[in-house]
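# Examining the three-dimensional arrangement
Chain by chain, the residues:
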Amino acid sequence: MIELGKRQRLKIVKRVGFGVYLSDTEDTKNMEQRVLLPGKEVSDDAPIGEELDVFIYRDSSDRLIATTRETSLTVGQTAVLKVKEAGQIGAFLEWELEKDLLLPFREQTAPVKEQEEYLVALYIDKSGRLCTTMKVYPYLSTDSPYGKDDMVEGVVYEMIEKFGVFVAVDNRYSGLIPAREPADGLKVGSRVQARVAGVLEDGKLTLSLRDKAYIQMGKDAERILEMMDGLGGKLPFNDKADPALIREKTGMSKNEFKRAVGNLYKQRMITIGPDGIWRV
């Protein structure tokens, strides 16, 4: 079955002057079970029966068309796309194909501006066309690899005063900055760095833009100072080093190391340079 908005492996079943027809069945006479791949996207010597990995979409005439080009997203997935034009029926978003994607007004969680980027999900509307929505909550995953106090990055996709600021961590995991947390200056489309304040039973992440309040220097920070003393007051790498190197040298994860280094830096006990960390 040929599926709109998805990548599929289809076989070449017929060659014509303007391309090849692909299908997942050997019935070459059933037009509903085959789709055109334009000639510019297939080699002249590609044999009948060869399988190709293609994405299925509709062209400007609403015909199903195949392409070998990679796309930012498929149906059910999310991605950050740029607004090319804001029109009367909604906005049009740029992606890898000639036909821009429609973001209807009713699917916008906030007014969008041309040339700005927003997180959207791809879906098929009632008329059978590919469309996008900023209401990405149902499309986000709750099986993130993050735990409490991990630092994460994400994009704001919706703001509801009663609940707070909804953030898609890594553009794919469900997160929320609760209404009780300060979130001044944020808007839909903003990129944020936040700390995981907690992980709910259903896997959703509770986020905070505030640093954790340390009452005293943590054990990790003490270990870093001890290492620096043993090396003459300098570590030959900083918190941007490869995670494997940090783990090998300190026994900490990169997030643990970054938190400890940040704690020491705030206390003005160290300075950070491009090739290492020094004791003050």
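Further up the page is the structure itself.
Residues numbered from 1 in each chain as written. Predicted model: local features only at pLDDT ≥ 70, side-chain atom pairs only at ≥ 80, totals over all residues. Heavy atoms only, no water.

## Focus on the layout of surface pockets
Considering only enclosed or pocket space, the second largest pocket measures out at about 170 Å³ in volume. In terms of lining, the second largest pocket is formed by Tyr57, Arg58, Asp62, Phe92, Trp95, Lys99, Asp100, Leu101, Leu102, Arg129, Leu130 and Cys131. At the level of secondary structure, the elements contributing two or more residues to the lining of the second largest pocket comprise β4 (51-58), β8 (101-104) and β10 (130-133). The class makeup of the residues in the lining of the second largest pocket is seven nonpolar, no polar and five charged. (1 Å grid on protein atoms, 1.4 Å probe; cavity = no way out; pocket = protein on both sides within 12 Å on 5 of 7 lines; lining within 4 Å. Points joined across faces, edges and corners; volume = space filled by probe spheres on them. Helix = DSSP H or I, 4+ residues; strand = E, 2+ residues; numbered from the N terminus. Nonpolar A, V, L, I, M, F, W, Y, C, P; charged D, E, K, R; others polar.)

## Focus on the packing of helix α1 (residues 219-230) against helix α3 (residues 254-266)
Running from amino to carboxyl end, α1 crosses α3 at an angle of 75 degrees, the nearest separation of the two axes being 8 Å. As summarised for this structure, α1 and α3 are arranged roughly perpendicular, according to the angle between their axes. Here α1 contributes Asp220, Ala221, Ile224 and Leu225 to the contact with α3, which in turn contributes Glu256, Phe257, Ala260, Val261, Asn263 and Leu264. Along the lines of polarity and charge, the residues of the contact of α1 with α3 split into seven nonpolar, one polar and two charged. (Axes fitted to C-alpha atoms, helices over the stretch in contact; angles between N-to-C directions. Parallel < 35°, antiparallel > 145°, perpendicular 65-115°, else oblique. Contact = heavy atoms within 4.5 Å.)

## Structural notes on the sheet that holds strand β15 (residues 205-208)
Reading around the circumference, β11-β12-β13-β15-β14 is the order of the five strands in this closed barrel, with mixed pairing throughout. Sheet twist, expressed as the mean angle between neighbouring strand axes with direction ignored, is 50 degrees. Pairing of strand β14 (residues 191-199) with β15 involves four bridges; the strand directions are antiparallel. The residue bridging Val199 from the neighbouring strand is Leu205, located in β15. (Pairing = 2+ DSSP bridges.)

## Section: the side chain of Thr206
Structurally, Thr206 is set in strand β15. When residues no more than four places from it in sequence are discounted, the contact partners of Thr206 are Leu176, Pro178, Arg195, Val196, Ala197, Gly198 and Leu200.

## Regarding the nonpolar core
Proteins that are soluble and globular tend to have nonpolar side chains buried together. Core analysis: the biggest nonpolar cluster contains 24 residues, and Trp95, Leu101 and Leu130 have the highest contact counts within it. Contributing elements (two or more residues each) for this core: β4, β6 (78-86), β7 (90-93), β8 and β9 (117-124). If you look at the next biggest cluster of nonpolar residues, it comprises 16 residues, including Met228, Phe257, Ala260 and Val261. (Core = buried A, V, L, I, M, F, W, Y, C linked by side-chain atoms within 4.5 Å. Buried < 20%, exposed > 50% of the residue type's maximum accessible area, 1.4 Å probe, protein only.)

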